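Coordinates in review
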Amino acid sequence: MQTLSFQDTLMIRATAMGRVVADFNATGFSNLTDVMHEVCRRVSDARGMIELSLRNSTRGWTTRRALYI
């Protein structure tokens, strides 16, 4: 399991149907639920299946998650 700390820098990209709907760097998340809430806030006009690509540049891990909005 990937660990996440409040100070970690995340690179986050959200794609919907092959189109990038959000691409940003952020810090201040204590868990992946916080990350998903922030993505939902930023892509409020998108609906359906969103693929999240998360890269924690501080700890050196990458993961992909599916999110249905």
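Structure shown above.
The structure reproduced in this document is the subject of the present report. Here the structure is a predicted model, which means the values were calculated and not measured.

**Focus on the overall build of the protein**
From N to C terminus, the protein includes one helix and four strands. What you see in the protein, going N to C, is helices and strands ordered as β-β-α-β-β. Based on the C-alpha atoms only, the size of the protein along its principal axes is roughly 30 × 20 × 20 Å. Relative to its 69 residues, the protein shows a buried fraction of 35%. Expressed as a percentage of contacts within the protein between residues at least 6 apart in sequence, the contacts between residues at least 24 apart total 47%. With 9 positive and 6 negative side-chain charges, the protein shows a separation of 3 Å between the mean positions of the two kinds.

**A few points about the pattern of salt bridges**
All told, the structure shown has five salt bridges when counted by the stated rule. A salt bridge links E38 to R41, with the shortest nitrogen-to-oxygen separation between them at 2.7 Å. Here E38 pairs with R41, and both are found in helix α1 (residues 32–42), just three residues apart, close to one helical turn. Residue E38 is classed as buried on the basis of its relative accessible area, which comes to 17%. Ionic pairing is found between R42 and E38, a salt bridge with its closest N-O pair at 2.7 Å. Here the residue R42 and the residue E38 both occupy positions in helix α1, the gap between them amounting to four residues, near one helical turn. Exposure remark for R42: the relative accessible area of 40% places this residue in the partly exposed category. One network of salt bridges, in which partners are shared, links E38, R41 and R42.

**Focus: the packing of aromatic side chains**
Counted by the stated rule, this structure contains zero aromatic pairs. Positioned above the aromatic ring of F24 is the side chain of R42, whose terminal nitrogen or guanidinium carbon lies 3.8 Å from the ring centre.

**Quick notes on the nonpolar core**
Core analysis: the biggest nonpolar cluster contains 18 residues, and L10, I12, F29, V35, V39 and I50 have the highest contact counts within it. Every element with two or more residues in this core is listed here: β1 (10–16), β2 (19–26), α1, β3 (49–56) and β4 (61–68). Of the residues forming this core, the biggest block, four residues, is contributed by β1. Aside from chain neighbours lying at most four places away, what touches F29 is L4, S5, F6, L10, I12, D34, V35 and E38.

Procedures and definitions
- Within each chain, residue numbers correspond to sequence positions counted from 1 in written order.
- Since the coordinates come from a predicted model, pLDDT governs what is reported: local features require at least 70, and pairs of side-chain atoms require 80 or more to be given and counted, while whole-chain, interface and lining totals use all residues.
- Calculation of side-chain values draws on the structure's entire complement of heavy atoms; hydrogens and water are dropped beforehand.
- A run of DSSP states H or I qualifies as a helix once it reaches four residues; a run of E qualifies as a strand once it reaches two. Both are numbered from the N-terminal end.
- Accessible area is worked out with a 1.4 Å probe on protein chains only. A residue is then buried under 20% of its type maximum, exposed over 50%, and partly exposed in between.
- When checking whether two residues touch, look at their non-hydrogen atoms; a contact exists if any pair is within 4.5 Å.
- His is not counted, nor are the chain ends; Lys and Arg add positive charge and Asp and Glu add negative charge.
- Where a charge lies is defined by one atom per residue type, namely NZ (Lys), CZ (Arg), CG (Asp) and CD (Glu).
- Here, a salt bridge means any side-chain nitrogen of Lys or Arg that lies within 4 Å of a carboxyl oxygen of Asp or Glu.
- Two rings belonging to Phe, Tyr or Trp (six-membered ring only in the last case) form a pair when the distance between their centres is within 6.5 Å. Interplanar angles under 30 degrees mark stacking, angles over 60 mark edge-to-face geometry, and anything in between is tilted.
- Here, over-ring charges are defined by two tests on the NZ atom of lysine or the CZ atom of arginine: distance to the ring centre within 6 Å, and angle to the ring normal within 35 degrees.
- Nonpolar cores are built from buried Ala, Val, Leu, Ile, Met, Phe, Trp, Tyr and Cys residues. Side-chain atoms within 4.5 Å join them into one set.

Geometric values such as these leave the question of function open.
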